[in-house]
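Summary of the model geometry
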Amino acid sequence: MDGLVSIALWLAGIGHFCVLIASVQVPRQLHWKTDLAKLEPFNRKLMWTYGGFTVYTIIAFGVMTLVLHNEMLRGERAAMVLALFIGVYWLLRIVVDFTYYSHEDWPKGRQFVIGHALLTMLFAFLSASYFTVVIWNVWIGRGR
Amino acid sequence: MNILRLCLLAAGMIQVAIVLANFYLPGKLGYHENLARVAPIIRQVFFVHACYIVGIVLLFAIVTFGFAGELASGHGLGRFLAAAICVFWLCRVPLQVFYYDSSLRRANRLGDAAMICALAFLAATYGAAALAAAW
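Residues numbered from 1 in each chain as written. Chains lettered and ligands numbered in written order. Predicted model: local features only at pLDDT ≥ 70, side-chain atom pairs only at ≥ 80, totals over all residues.

1. Structural notes on the overall build of chain A
The number of helices and strands found in chain A is 7 helices and 0 strands. Order of helices (α) and strands (β) in chain A, N terminus to C terminus: α-α-α-α-α-α-α. With the C-alpha coordinates aligned to their principal axes, the bounding extent of chain A is approximately 60 × 35 × 25 Å. Looking at chain A as a whole, 24% of its 144 residues are labelled buried. Pairs at least 24 residues apart make up 88% of the contacts formed inside chain A by residues separated by at least 6 positions. (Helix = DSSP H or I, 4+ residues; strand = E, 2+ residues; numbered from the N terminus. Buried ≥ 20, exposed ≤ 12 C-beta atoms within 10 Å, placed from the backbone. Contact = placed C-beta atoms within 7 Å.)

Here you go:
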């Protein structure tokens, strides 16, 4: 089981960079440039800042998971808090997708439907992987 | 308790203050009236990003209060986190000074100055924590 958790963590680290592939397309696909021009300058800049910092956070999660793989697997206390946070972070992203976003406004076309489904599955995988690391270290693997 | 630990404690409190300020900001900056002009999906993405950023800042505060020792340890996860939080706040300084609307900043000079000081303090504190072992 240790081996499976380890593989899931490697994949989760790489998965964050796959999320970024979708993220960089969002401004163009949702026509941010034309739509955000309707906002006051401060709010427009705030939107770009939020977006930039969100990308930075995802990069940090990915790098941390890959570089500090062993610390996460060992179940260090700080690592478990972070793993729990990242698990909740992606779980909430799925909840937001299903309960808050208006899907009729999403770009139309088969490739977007497939992309959306793949992205949601990736969020589910990321969330499940980090929850597994926490559950494995805190409860199941405690006696190892 | 050494100076770095005290600074980390202060950094945690500043981040809690930033989180709380984010509840006041939407009214002050007229988010609702302003965002009513854009497509619903853009409005929704804006609010989701805003909430996630508040969540991240709250995480920084929690990690700082709970794991100040690890952050200042100069190795492993603590060092990585301290460096990542330092870069996060360091990037925010030029945005505040050069990117955000200067007229709005002039109209709120005290808040702007307090924010720049807070950002510089946060970047310096986490930078010092990341480099702690090298000193």
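Moving on, there is more to tell.
2. Regarding the confidence of the model for chain A
Residues of chain A with pLDDT of at least 70 account for 97%, and the chain-wide mean is 90. When the elements of chain A are averaged for pLDDT, helix α2 (residues 26-29) of chain A gives the smallest value, 87, and helix α4 (residues 41-67) of chain A the largest, 94. (pLDDT = per-residue confidence, 0-100.)

3. Some thoughts on the interface of chain B and chain A
Across the contact, 33 residues belong to chain B and 35 residues belong to chain A. When residues of the side of chain B that touches chain A are traced back to their parent elements, those giving at least two are α2 (31-35), α3 (40-66) and α5 (76-99) of chain B. By residue number, the principal contributor to the side of chain B that touches chain A is α3(B), which donates 14 residues. Looking at the side of chain B that touches chain A residue by residue, the classes come out as 24 nonpolar, 6 polar and 3 charged. (Nonpolar A, V, L, I, M, F, W, Y, C, P; charged D, E, K, R; others polar.)

4. What about the environment of F46(B)?
Along the chain, the position of F46(B) falls in helix α3. C-alpha separation for the pair F46(B) and Y100(B), spaced 54 residues apart in sequence, amounts to 17 Å. Contact partners of F46(B), with chain neighbours within four places excluded, come to M47(A) and L35(B).

5. Thoughts on the packing of helix α6 (residues 77-99) of chain A against helix α7 (residues 110-138) of chain A
All names here are of chain A. Contact geometry of α6 with α7 gives a least axis separation of 8 Å together with a crossing angle of 150°. By the angle between their axes, α6 is roughly antiparallel relative to α7. α7 is crossed by α6, and the crossing has left-handed handedness. Residues M80, A83, L84, I86, G87, W90, L91, R93, I94 and D97 of α6 form the contact with α7, whose participating residues are T120, F123, A124, L126, S127, Y130, F131, V133, V134, N137 and V138. Residues of the contact of α6 with α7, tallied by class, amount to 15 nonpolar, 4 polar and 2 charged. (Axes fitted to C-alpha atoms, helices over the stretch in contact; angles between N-to-C directions. Parallel < 35°, antiparallel > 145°, perpendicular 65-115°, else oblique. Left-handed = near helix turned anticlockwise from the far one by under 90°.)

6. So, the environment of W106(A)
Tracing the backbone shows W106(A) in the loop between α6 and α7. Judged by the 15 C-beta atoms lying within 10 Å of it, W106(A) falls in the partly exposed class. The sequence separation of W106(A) and L30(A) amounts to 76 residues, and the corresponding C-alpha distance is 7.5 Å. Apart from residues no more than four positions distant in its own chain, W106(A) is found in contact with F112(A), H116(A) and I41(B).

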